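Secondary and tertiary structure notes
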Amino acid sequence: MSEQPLDMPAIRAAARLLEQGELVALPTETVYGLGADAESPPAVARIYAAKGRPSNHPVIVHLAPGADIGYWAVDIPAEARKLIDAFWPGPLTLILKRAPHIPDAVSGGQDSVGLRCPSHPVAQALLQEFKNGQGGVAAPSANRFGHVSPTTAQHVRDEFGSGPGSPVACVLEGGQSDVGIESTILDLSRMATHGPVLLRPGHISAAQIAGVIGVQPCTPDAAAPRASGTLEAHYAPSTPVALVTVEELAGTMERLTGAGKRVALIRRSFPEAVALAQIAMPQPPDGYAHDLYAALRAMDAAGADVILVESLPQNDAWQGVNDRLRRAAHDSQGILARLLAGRRPV
Ligand code: TXA
Ligand code: MG
């Protein structure tokens, strides 16, 4: 995260662009967001156009610290207040019932709204400047639909370009995102009937949430609000990604190399190997999450036929990272089978 003094002229200029309906990319502690005025349907429509994202997918509304959530949501359960006291500002998004005057463009036509107060100092300063701290900035991750989320300003420029042709009017600098994976999303919009539902795992774990509200969140049912980060194929680089256990890595690499395939490797316990490119990831889950998207982008740029990722422990601490990796590598078996059969993956 940025330890630099805040560039207030740039932040004020970005706030004015948002007020004029333009798109601004902003750093947050999770990933960079592609922001627009949440109360302007044409501005929100620009996000969907820039990302190439279906317009029935809702976006998160980012609020300044101390903002009145009663302006955005109705029927707010006591659990929401407790979680806000415990985790805001920070990487937790709450899905609540949408107030009737909030445009349904931010919720993809659903009757809910996703709210989050980010802790990154640049995001907070922007939210304070925008509409005097009374506005909401709708911001999905600043990547094209289905791609890997950006954790640096350069990643955003790589996605959308910069300068006159870019749909993004301004990219605010904020260093590398601390957390590195998207916020935990908890649905409280159907509290009375369904209880709390964990739509997307993240840095704030189900156990931490249960510690505050005294109830373990459930996994989504068929009628749960849609969340695009919950699609099977998501967070994927253009190079195919396959998850392989540490026990199977050596053999898999040998067979791939034998078939003339170029391999990029993201390893953690596995020793340094002969590969086109490789990255040794940090051991702890937080450090791993911090580096994950930059590693996927770097290995994607290596020109390999496949990115092999050493699979990780399956416990609560790794839930957020495992969720993202499982989606990036959603067809591991098929990818390996096609490569070893000598065919290009489709
Ligand atoms: O960490 C984050 O959450 C980042 C940063 C920029 O804040 N944002 C982010 O946005 O990941 P996005 O759009 O890539 O993912 C937001 C998720 C989506 O899966 C979306 O469907 C869900 O939040 N979401 C937003 N509002 C919702 C709603 N009303 N009901 C259900 N899901 C919602
Ligand atoms: Mg996203």
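All values derive from a computational prediction rather than experimental measurement.

Things to note about the domain arrangement of the protein
Examined at the domain level, the protein breaks down into domain 1 (8-213) and domain 2 (241-340). Computed over C-alpha atoms, the centres of domain 1 and domain 2 are 29 Å apart. Across the contact, 23 residues belong to domain 1 and 14 residues belong to domain 2. Interface area lost by domain 1 to domain 2 is led by Val148, Ile181 and Pro201, which between them contribute 36%. The tally of links between domain 1 and domain 2 comes to two salt bridges.

Examining the pairing of strand β2 (residues 33-37)
Buried residues dominate β2, accounting for five of its five residues. Inspection of the sheet shows strand β1 (residues 24-26) paired to β2 by three bridges, in the antiparallel sense. In the strand pairing of β2, Leu26 is matched with Gly33. Taking the residues between adjacent antiparallel strands as the criterion, β1 and β2 are bridged by six residues. Note that β2 and strand β7 (residues 137-138) share two bridges and pair antiparallel. Pairing of Asp37 across the sheet is with Val137, part of β7.

Structural notes on the nonpolar core
Formed by 45 residues in total, the largest nonpolar core has its most connected members in Leu83, Leu92, Leu94, Val106 and Leu115. When residues in this core are grouped by element, the largest group, five residues, is from helix α2 (residues 41-51). If near-sequence neighbours (up to four positions away) are discounted, Leu115 is found in contact with Ile60, Val61, Leu63, Ile69, Trp72, Ala73, Trp88, Leu92, Thr93, Leu94 and Leu96. Core analysis: the second largest hydrophobic core is formed by 25 residues, Val148, Ile181, Ala304 and Leu325 among them.

Section: unusual backbone geometry
That bond from Trp88 to Pro89 is cis: its omega, -10 degrees, falls within 30 degrees of zero. Within the element layout of this structure, Pro89 appears in the loop between α4 (78-87) and β5 (92-98). A positive phi is found at Asn132, a non-glycine position, where the angle reads about 55 degrees. By the element assignment, Asn132 lies in the loop between α5 (121-129) and β7. Taking the relative accessible area as the measure of exposure, Asn132 reaches 67% and is therefore exposed.

A few points about the packing of aromatic side chains
Enumeration according to the criterion identifies two aromatic pairs in this entry. Consider the rings of Tyr71 and Trp72, whose centres lie 5.2 Å apart with planes at 85 degrees: the pair is edge-to-face.

Remarks on the environment of Pro58
For Pro58, the position within the fold is in the loop between α2 and β3 (60-62). Accessibility expressed as a relative area gives 22% for Pro58, which makes it partly exposed. C-alpha of Pro58 to C-alpha of Asp323: the two residues are 265 residues apart in sequence and 20 Å apart in space.

Brief notes about the pairing of strand β14 (residues 306-310)
Taking burial as the measure, the five residues of β14 include five buried ones, the bulk of the element. Side-chain alternation along β14 places Val306, Leu308 and Glu310 on one buried face and Ile307 and Val309 on a second face that is also buried. Across four bridges, strand β11 (residues 241-244) lies against β14 in parallel orientation. Bridging from a neighbouring strand, Val241 pairs with Ile307 of β14. In this sheet, β14 lies alongside strand β12 (residues 263-267) in parallel orientation, the contact comprising four bridges. Across the sheet, residue Ile266 finds its bridge partner in β14, namely Val309.

Describing helix α6 (residues 153-160)
Within the sequence span of α6, burial applies to Ala153, His155, Val156, Glu159 and Phe160. Here the buried residues of α6 occupy an arc of 155 degrees about the axis, which is enough to place them on one side. Of the surrounding elements, those touching the buried residues of α6 are β1, β2, α2, β8 (170-171) and α10 (285-300).

Some details on the environment of Pro77
Checked against the element boundaries, Pro77 lands in the loop between β4 (73-74) and α4. Look at Pro77 and you get buried, because its relative accessible area is 13%. Sequence separation between Pro77 and His147 is 70 residues; the distance between their C-alpha atoms is 34 Å.

Considerations on the pattern of salt bridges
Counted under the stated rule, the structure contains 16 salt bridges. In this structure, Arg157 and Glu173 form a salt bridge, with 3.3 Å as the shortest nitrogen-oxygen distance. Placement of the pair is Arg157 in helix α6 and Glu173 in the loop between β8 and β9 (184-187), with a sequence separation of 16 residues. Its relative accessible area of 26% is what places Arg157 among the partly exposed residues. When salt bridges that share partners are traced, they join Glu182, Asp323, Arg324, Arg326 and Arg327 into one network.

The rules behind each value
Residues numbered from 1 in each chain as written. Chains lettered and ligands numbered in written order. Predicted model: local features only at pLDDT ≥ 70, side-chain atom pairs only at ≥ 80, totals over all residues. Heavy atoms only, no water. Domains from an automatic or database assignment. Contact = heavy atoms within 4.5 Å. Buried area = accessible area lost by both parts, 1.4 Å probe. Salt bridge = Lys/Arg side-chain N within 4 Å of Asp/Glu carboxyl O. Buried < 20%, exposed > 50% of the residue type's maximum accessible area, 1.4 Å probe, protein only. Helix = DSSP H or I, 4+ residues; strand = E, 2+ residues; numbered from the N terminus. Pairing = 2+ DSSP bridges. Core = buried A, V, L, I, M, F, W, Y, C linked by side-chain atoms within 4.5 Å. Phe/Tyr/Trp six-rings, centres within 6.5 Å; stacked < 30°, edge-to-face > 60°. Arc of directions from axis to C-beta.

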